[in-house]
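# Residue-level structure breakdown
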Amino acid sequence: PVDSLGVLVLRALDAALAAGVRHVALMAVNNETGAVQPWQEAAARCAAVGASLHIDAVQAAGRIAIAAPTGKGMSLVLSGHKLGGPQGVGLLWLAPETRLKPLLRGGGQERMRRAGTENIAAVVGFGEACRWIHAEREQRCANAARNERAFMAALESSVPTLVLHGPSAAPQRVAGTLSLRVPGLSAERVCIAADMEGVAISVGSACSSGAARPSHVLRAMGKEPEEVVESFRVSLSPTESEPQVVAAAQSLATAIRRLGH
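These lines cover the structure that appears in this document, whether it is placed above or below. (Residues numbered from 1 in each chain as written. Predicted model: local features only at pLDDT ≥ 70, side-chain atom pairs only at ≥ 80, totals over all residues. Heavy atoms only, no water.)

This next bit is on the nonpolar core. Residues C46, L53, I55, A57 and I64 are the most contacted members of the largest nonpolar core, which totals 30 residues. Contributing elements (two or more residues each) for this core: helix 1 (10–18), strand 1 (23–27), helix 2 (39–49), strand 2 (52–56), strand 3 (74–79) and helix 4 (120–158). Apart from residues no more than four positions distant in its own chain, L53 is found in contact with V24, L26, W39, A42, A43, C46, G73, M74 and S75. Counting residues in hydrophobic clusters, the runner-up holds 25 residues, among them A154, L162, A249 and I256. (Core = buried A, V, L, I, M, F, W, Y, C linked by side-chain atoms within 4.5 Å. Buried < 20%, exposed > 50% of the residue type's maximum accessible area, 1.4 Å probe, protein only. Helix = DSSP H or I, 4+ residues; strand = E, 2+ residues; numbered from the N terminus. Contact = heavy atoms within 4.5 Å.)

Laid out in structure tokens, this is it:
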């Protein structure tokens, strides 16, 4: 379980480990609210009892400092396209001596863990993206925080009833990932109206934007059904300029006003 801000309840993890749980999976950063999870604390707790921990760091890379957890049975994954690299390539870090049952057999590639010819061009592109993002991370994070402040200030000035889900700011939340709600307006209507103003937002996470199911993340945070239905996701890029995000906020506010708010 998570608390009302969408952050892992560590005492619940402690209880699970005490009850014999030995395999734990955790997102480093939530992809809907941007909430930063206490993954380092979770890693220490798992290591103390010999439990394995798998960390989904896809949303964290390039946005917060991350390091592979130490300890037996630890693992971590990244995705190339989230760092500006090619699509279809990822990284799996495994603690030394970790054994995995292969999903694909037949060749000796990837240390017998996955048969098939590697996509070398994508791997090299991913590596270059990692080097670039590492060198530019602090500046990108500063740009993302600046853009978010400008976006929210412009939107809240026109939509005073706007609600933000999750932690309010860094370091509890990464900048640029926003779960928002306008009371009394369904998120679907807001998305359609925003699209007509040239602004692309989504209901829930981008990877499930085609699904009609309400956000399980917000439900886990204790939000009421009507609050979940009214919630939408905004994702800001650190490479956008401040005037661009302000213009987007103003267009979104125009769309909301057209709906009677």
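Mapping R114 onto the fold places it in the loop between helix 3 (109–112) and helix 4. Sequence separation between R114 and E226 is 112 residues, and the spatial gap between their C-alpha atoms is 45 Å. Not counting residues up to four positions away in its chain, the partners in contact with R114 are L104 and Q109.

The omega torsion across A170 and P171 is 5°, close enough to zero to call that bond cis. Residue placement: P171 occurs in the loop between strand 5 (163–164) and strand 6 (177–181). Phi is positive for E97, which is not a glycine, with a value near 70°. Within the secondary structure layout, E97 lies in the loop between strand 4 (90–94) and helix 3. Even without being a glycine, M112 presents a positive backbone phi close to 65°. Among the secondary structure elements, M112 is positioned in helix 3.

Another point: the sheet that holds strand 7 (residues 231–235). With antiparallel pairing, the 3 strands of this open sheet are ordered in space as 5-6-7. Of all strands in the sheet, those bounded by a partner on one side alone are strand 5 and strand 7. As paired strands, strand 6 and strand 7 are joined by 5 bridges and run antiparallel to one another. Looking at the pairing, L178 lines up with V234 of strand 7. (Pairing = 2+ DSSP bridges.)

Our next topic: the sheet that holds strand 2. Strands sit in the order 1-2-3-4 across an open sheet of 4 strands; the sheet is mixed. The outermost strands of the open sheet, each flanked by one partner alone, are strand 1 and strand 4. The sheet shows a mean angle of 15° between the axes of neighbouring strands, direction not considered. Bridge analysis of strand 2 against strand 3 gives 4 bridges, and the strand direction is parallel. Bridging across to strand 3, D56 finds its partner in V77. (Axes fitted to C-alpha atoms, helices over the stretch in contact; angles between N-to-C directions.)

Looking now at the pairing of strand 6. Among the 5 residues of strand 6, 5 are classified as buried, and the element is accordingly described as predominantly covered. Residues of strand 6 alternate between two faces, with T177, S179 and R181 on one and L178 and L180 on the opposite face, all of them buried. Bridge analysis of strand 5 against strand 6 gives 2 bridges, and the strand direction is antiparallel. Along strand 6, the bridge assignment pairs L164 with L180.

As a further point, take the pattern of salt bridges. Side chains that carry opposite charge are capable of pairing whenever their charged atoms lie near each other. Overall, the coordinates contain 6 salt bridges when judged by the stated rule. Notably, a salt bridge pairs R173 with E148, separated by 2.7 Å at the nearest N-O pair. Here E148 lies in helix 4 and R173 lies in the loop between strand 5 and strand 6, a separation of 25 residues in the sequence. A salt bridge links E197 to R258; the shortest N-O distance between them is 3.4 Å. With E197 in the loop between helix 5 (187–196) and helix 6 (216–220) and R258 in helix 8 (residues 242–258), the pair connects residues that are 61 residues apart, well separated along the chain. Here E197 falls in the partly exposed class, since its relative accessible area comes to 29%. On the accessibility criterion, R258 (45% relative accessible area) is partly exposed. It is possible to trace a salt-bridge network through shared partners that takes in R181, E227 and E230. (Salt bridge = Lys/Arg side-chain N within 4 Å of Asp/Glu carboxyl O.)

Bear in mind that shape data such as this cannot, by itself, settle questions of function.
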